[in-house]
Amino acid sequence: MQDRGTPLHVAVIMDGNGRWAKKRLLPRTVGHGAGMKAMIALAKRAKERGVKYFTVYALSSENLSRPKDELEGLFNLIREYFTKNLKELYESNSAVKIIGDISALPQDCAAVLEDSQKNSPKDADFTIIFAVNYGSRPEIIRAVNTAVERGEKVDVNSFSSLLYTDGVPDPDLVIRTGGEVRLSNFLLWQAAYAELYFTDVLFPDFTPKKLDKALDEYARRDRRFGKIKTI
Ligand code: IPE
Ligand code: IPE
Ligand code: MG
């Protein structure tokens, strides 16, 4: 059973890799590599803490307009991550899910992402969700167009099932590192009642201990969902 103080779904806007590298006079891509290491450690910690869904914002639809060399560095990290980590993920009964329009990525990258999802264990007890070329607005427009094509009226539940996140519970906690206090087109529909946690820590420095701090704060929040406090 999920303890009430533990979020079922944590989503992270992994921001600050570029600034982390700049502070060290290193190329931005080195910052993204350090961010990937941090993300791997955080996913493990989230699982240990009883989180069942862990979403990471890896690349926004807007990020696709970054310089070609930075994008190539990010695509290389995707290739590296899935080559090195998939076996361990599957063996620990974790599944991978991809959200976003991966058809715009280099073909081999898209294939790696597609396969990682397809070959995931079906009875997984932890799911890591990668948001890649993801933006809430394109996701919502895509869902609207699907409903229109089908000639269907939607309600909140049927609309949710047309989103990339179909089958995934809404995030309980959205964390953003890197100091900016905004959502940058991330899970706008799904995060309607999420608790938000912002920290100035740059993503590569966001250690499992710092995740623990965010989870502890989450446990102290009073989620009322529009109701009146009962205790
Ligand atoms: C976030 O880090 C990761 C991606 C957007 C891929 P940034 O690259 O935005 O880092 P900053 O914000 O420039 O420090
Ligand atoms: C949000 O970070 C996207 C990811 C972390 C993948 P950005 O750095 O792209 O966001 P803005 O431009 O500061 O809003
Ligand atoms: Mg940024």
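Worth saying up front: this structure is predicted, and the values here are computed from it rather than measured.

> What is the right way to read the overall build of the chain from this model?
Within the chain, the secondary structure is distributed over seven helices and six strands. Helices and strands appear in the chain in the N-to-C order β-α-α-β-α-β-α-β-α-α-β-β-α. Taking 231 residues into account, the globule formula puts the C-alpha radius of gyration at 17 Å, and the chain, at 18 Å, falls close to it. Projected onto the principal axes, the alpha-carbon positions of the chain cover approximately 50 × 45 × 35 Å. Long-range pairs, those at least 24 residues apart, make up 76% of the contacts in the chain with a sequence separation of at least 6. Put simply, the chain has 35 plus and 31 minus side-chain charges, and the middle of one group is 5 Å from the middle of the other.

> So what exactly am I meant to see when it comes to the site of ligand 1 here?
The full set close to ligand 1 counts 13 residues, and Met14, Asp15, Arg19, Arg28 and Arg66 are the nearest of them. Arg28 has a polar side-chain atom sitting 2.8 Å from an oxygen atom of ligand 1. Computed on the free molecule, ligand 1 has an accessible area of 370 Å², of which 88% lies beneath the protein chains in the complex. Those elements that provide at least two residues to the shell around ligand 1 are α1 (17-23), α2 (28-48) and α3 (68-91). The greatest single-element share of the shell around ligand 1, amounting to three residues, is contributed by α1.

> What should I look at first to understand the packing of α2 against helix α7 (residues 208-220) in this one?
Relative placement of two packed helices is described by the angle separating their axes and the distance separating the axes. Two elements in contact, α2 and α7, have axes separated by 9 Å at closest approach and are oriented at 45°. Classified by the angle between their axes, α2 and α7 sit oblique to one another. Two packed elements cross with a definite hand, and for α2 against α7 that hand is right-handed. Contacts between α2 and α7 involve Ala41, Leu42, Arg45 and Ala46 on the former and, on the latter, Pro208, Leu211 and Asp212.

> For this particular structure, what's the right way to read the pattern of salt bridges?
Pairs may arise between side chains of opposite charge once their charged atoms sit close together. A complete count under the given rule lists 22 salt bridges for this structure. Taking the shortest distance from any N to any O, the salt bridge between Arg176 and Asp15 comes out at 2.9 Å. Within this pair, whereas Arg176 is found in strand β5 (residues 173-176), its partner Asp15 is found in the loop between β1 (9-13) and α1, the two being separated by 161 residues in sequence. Given a relative accessible area of 18%, Asp15 falls into the buried group.

> Is there a simple way to explain the pairing of strand β2 (residues 53-60) in this structure?
Taken residue by residue, a regular strand's side chains alternate between the two faces of the sheet. Summarising burial for β2: seven of the eight residues are buried, a large majority. Where β1 and β2 come together, five bridges link them in parallel fashion. Bridging from a neighbouring strand, His9 pairs with Tyr53 of β2. Of the strand pairs in this sheet, β2 and strand β4 (residues 126-134) are connected by seven bridges, and their pairing is parallel. The residue of β4 that forms the bridge with Tyr57 is Ala131.

> When you look at the site of ligand 2 in this model, what are you seeing that I'm missing?
Around ligand 2, the surrounding shell consists of Ile13, Met14, Asp15, Tyr57, Ala58, Leu59, Ser60, Asn63, Arg66, Arg176, Arg182 and Ser184. With respect to ligand 2, the side chain of Arg66 contributes an N or O atom lying 3.4 Å from an oxygen atom. One nitrogen or oxygen atom from the side chain of Ser184 is found 2.6 Å from an oxygen atom belonging to ligand 2. Surface burial for ligand 2 is 78%, taken as the share of its 390 Å² of free accessible area covered by protein chains. The class makeup of the residues in the shell around ligand 2 is five nonpolar, three polar and four charged.

Calculation rules
Residue positions within a chain follow its written sequence, with the count starting from 1. Lettering of chains starts at A and numbering of ligands starts at 1, both following the order in which they are written. Where totals are concerned, whole chains, interfaces and linings use all residues; where local detail is concerned, this predicted model gives features only for residues with pLDDT of at least 70, and gives and counts side-chain atom pairs only at 80 or more. Note that water and hydrogens are dropped before the side-chain values are worked out from all heavy atoms of the structure. Under the DSSP-based scheme used, a helix requires at least four consecutive residues in state H or I and a strand at least two consecutive residues in state E, with every element numbered from the N terminus. Within these notes, the globule rule equals 2.2 Å times the number of residues to the 0.38 power, and the radius of gyration is based on C-alpha atoms. Whether two residues are in contact is decided by their heavy atoms: any pair within 4.5 Å suffices. A residue counts as positive if it is Lys or Arg and as negative if it is Asp or Glu; His and the chain ends are not included. A charged residue contributes its charge at one atom only: NZ of Lys, CZ of Arg, CG of Asp or CD of Glu. When at least one non-hydrogen atom of a residue lies within 4 Å of a molecule or strand, that residue is treated as near it. Polar contact criterion, stated in full: a pair of N or O atoms within 3.5 Å, where within protein one must be able to donate a hydrogen and the other to accept it, and residues adjacent in sequence count only if both atoms are side-chain atoms. Accessible areas in this description were obtained via Shrake-Rupley with a 1.4 Å probe; residue shielding takes into account the shown protein chains only. To obtain each axis, a line is fitted to C-alpha atoms, and for helices this fit is confined to the stretch in contact; angles are then taken between N-to-C directions over 0 to 180 degrees. An angle below 35 degrees is treated as roughly parallel, one above 145 as roughly antiparallel, one from 65 to 115 as roughly perpendicular, and anything else as oblique. Should the near helix be turned anticlockwise from the far one by less than a right angle, the crossing is left-handed, and should it be turned clockwise, the crossing is right-handed. By salt bridge we mean one thing: a side-chain nitrogen of Lys or Arg within 4 Å of a carboxyl oxygen of Asp or Glu. Here the term buried applies to any residue with accessible area under 20% of the maximum for its type, exposed to any over 50%, and partly exposed to those in between, with areas from a 1.4 Å probe on protein chains only. The criterion for strand pairing is that DSSP finds at least two bridges linking the strands in question. Gly counts as polar in this scheme, as do all residues outside two lists: the nonpolar Ala, Val, Leu, Ile, Met, Phe, Trp, Tyr, Cys and Pro, and the charged Asp, Glu, Lys and Arg.

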